[in-house]
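Residue-level listing of the chains:
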Amino acid sequence: MSALPPRYVPSGHHMTGGMGSVIVCTDSILERFVAIKFISSAAHRHRMDDEVAALLKLRSKHVVQVYDVIRSSTDEIGIVQEFIDGNDLFESYAPPVSLADYYKQLWQIASGLSDIHELGVIHRDIKPNNMKTDPEQVIKIFDFGLARDDGPSAVTRGFVGTRGFAAPELYERPFAFTNAVDTYAFGATAVFLATGNLPPELMEQPPRVNPAGYFHHLTLGIAPEISALLNACMHQDAALRPAMRAIRDALARHILFDKHRALLVHNSRASVLNAANRSVKLAFGTIGSIEIQYDGLSFIAANVLNEVQINNQPVIAGSVLPGACVIALGAAHRRSNERRFITFDISHPEIVL
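These notes cover the structure that comes with them.

Cut-offs and rules
Residues numbered from 1 in each chain as written. Predicted model: local features only at pLDDT ≥ 70, side-chain atom pairs only at ≥ 80, totals over all residues. Heavy atoms only, no water. Helix = DSSP H or I, 4+ residues; strand = E, 2+ residues; numbered from the N terminus. Buried < 20%, exposed > 50% of the residue type's maximum accessible area, 1.4 Å probe, protein only. Contact = heavy atoms within 4.5 Å. Areas by Shrake-Rupley, 256 points an atom, 1.4 Å probe, with all protein chains shown as cover. Salt bridge = Lys/Arg side-chain N within 4 Å of Asp/Glu carboxyl O. Pairing = 2+ DSSP bridges. Expected span 1.5 Å × (residues − 1). Axes fitted to C-alpha atoms, helices over the stretch in contact; angles between N-to-C directions. 1 Å grid on protein atoms, 1.4 Å probe; cavity = no way out; pocket = protein on both sides within 12 Å on 5 of 7 lines; lining within 4 Å. Points joined across faces, edges and corners; volume = space filled by probe spheres on them. Nonpolar A, V, L, I, M, F, W, Y, C, P; charged D, E, K, R; others polar.

1. Brief notes about the overall build of the protein
Helices and strands together make up the secondary structure of the protein, namely five helices and 20 strands. For the protein, the proportion of its 353 residues judged to be buried stands at 48%. Long-range contacts, defined as pairs at least 24 residues apart, comprise 53% of the intrachain contacts of the protein with a sequence gap of at least 6. Taken as a whole, the protein presents about 16,900 Å² of accessible surface, with 53% of it coming from carbon and sulfur.

This is the structure in structure tokens:
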């Protein structure tokens, strides 16, 4: 292990893993604990470079932050990152105390993965062992030793991953993979967090996913929309797995059930749509009318008659209203005095962990 810069004072806590060694130090300048990860051999140098490149680009509440990079020799490199004490989600596993608790766990992981994917990065080793809960009860994803940038260069040349959480395509050589491998691993992680185990068929190499899925019949009572999304995460066809941002947003809607609030403003008059006032009807004579209904998850267009547009697009009954929009009663061909405009804004309360 390379000599540390003077600012980093070893605490005596040392860990060794397959990808390298980690020591816990005190940053004497900023007065905080940090975890410094060193590569274990030159053979893995390219993976450490990938980890550094990925983490330096990330700023996410649910992904560990990199503070510094140590390059003191040609054979060794270390990254200085935030230190999270305690056990990972595998070591500290306990059955969810409630459906809301389970949703919040998954939402945090989905949020971190969504942030990772939005930067064009694939983690490629998502599993409960690579997640920890910090003192503020925030789940953070770490260990980017297998990370690759998404794109044409993302090709497997040999299997690297964790049995039970590795997507089927990672067992093929070579295979141009996408961030859908993380989505699959998220689905497997969701199975583990719900049950404390993985079914035998997921431990096969390659895994043999049950086409009936794993979430519809759990005693937690998972909502059909969430069950369908979680099952889709583990689809054999990577192209049919949902985007992590879609999973994140769906979980957020269910966590915040009946807590959303929409503000409608017309001619400087405001009205509120929420759990206490679930519907409102907007009409302009016989030109156009629409009823907006709140079902606890979304604000939905209902009873649409004649000329109604949202953000200059025709409205279909049953469609979900976007977070901020303008509702027009009267089509665009009409004069301004033959149209009415209502602004519509949704406020989302913060998810409390």
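Next, the rest of the story.
2. Here's the deal with the pattern of salt bridges
Note that side chains of opposite charge can pair when their charged atoms are close. Evaluation of the coordinates by the stated rule reveals 12 salt bridges. Linking Asp 249 and Arg 248 is a salt bridge whose minimum nitrogen-to-oxygen distance equals 2.9 Å. Asp 249 sits in the partly exposed class, given a relative accessible area of 35%. Taking the shortest distance from any N to any O, the salt bridge between Arg 278 and Asp 258 comes out at 2.8 Å. Of the two residues, Arg 278 sits in the loop between β13 (269-273) and β14 (279-284) while Asp 258 sits in the loop between α5 (244-255) and β12 (261-266), which places them 20 residues apart along the sequence.

3. So, the sheet that holds strand β17 (residues 308-310)
The strand order across the open sheet formed by six strands is β13-β12-β20-β19-β17-β18, and the pairing between neighbours is antiparallel. Lying at the two open borders of the sheet, with one neighbouring strand each, are β13 and β18 (313-314). As paired strands, β17 and strand β19 (residues 324-329) are joined by three bridges and run antiparallel to one another. Residue pairing across strands places Gln 309 opposite Ala 328, the latter belonging to β19.

4. Description of α5
With 12 residues, α5 ought to run about 16 Å at 1.5 Å a step, and its terminal C-alpha atoms sit 16 Å apart, in line with that. All buried positions along α5 are accounted for by Met 244, Ile 247, Arg 248, Ala 250, Leu 251, Ala 252, His 254 and Ile 255. Buried residues in α5 make contact with α2 (99-118), α3 (180-195) and α4 (224-233).

5. A few points about the side chain of Thr 189
Here Thr 189 shows up in helix α3. Filtering out sequence-adjacent residues up to four positions away, Thr 189 remains in contact with Ile 109, Ile 126, Lys 127, Pro 128, Met 131 and Phe 165.

6. Observations regarding the sheet that holds strand β16 (residues 299-306)
Taken together, three strands build an open sheet; the order of strands is β14-β15-β16 and the sheet is antiparallel. Unpaired on one side and paired on the other, β14 and β16 mark the two borders of the sheet. Between one strand axis and the next, the sheet turns by 15° as a mean value, whatever way the strands run. Taken together, the six bridges between strand β15 (residues 288-294) and β16 define a ladder with antiparallel strand orientation. Across the sheet, Ile 292 pairs through a bridge with Ala 301, a residue of β16.

7. Some remarks on empty space enclosed by the protein
Overall, the coordinates contain one cavity of 30 Å³ or more when judged by the stated rule. Roughly 50 Å³ of internal volume is contained in the largest cavity. Lining the largest cavity, in full, are Arg 124, Asp 125, Ile 126, Thr 162, Phe 165, Ala 166, Ala 167, Leu 170, Val 181 and Ala 185. Class assignment for the residues of the lining of the largest cavity results in seven nonpolar, one polar and two charged.

8. Points about unusual backbone geometry
The bulk of non-glycine residues show a negative phi, and the bulk of peptide bonds are trans. Omega for the peptide link from Gln 205 to Pro 206 comes to 0°, which places this bond in the cis form. Relative to the assigned elements, Pro 206 resides in the loop between α3 and α4. A positive phi angle is found at Ser 268, which is not glycine, with a value near 70°. Relative accessible area serves as the criterion here: at 77%, Ser 268 is assigned to the exposed category.

9. A closer look at α3
Its 16 residues give α3 an end-to-end C-alpha distance of 23 Å, which sits within 8% of 22 Å, the value for a rise of 1.5 Å per residue. Along α3, 15 of the 16 residues are buried, which leaves the element largely enclosed by surrounding structure. Gly 196 lies just past α3 and shows a positive phi near 80°.

Function cannot be read off these values alone, since they describe shape.
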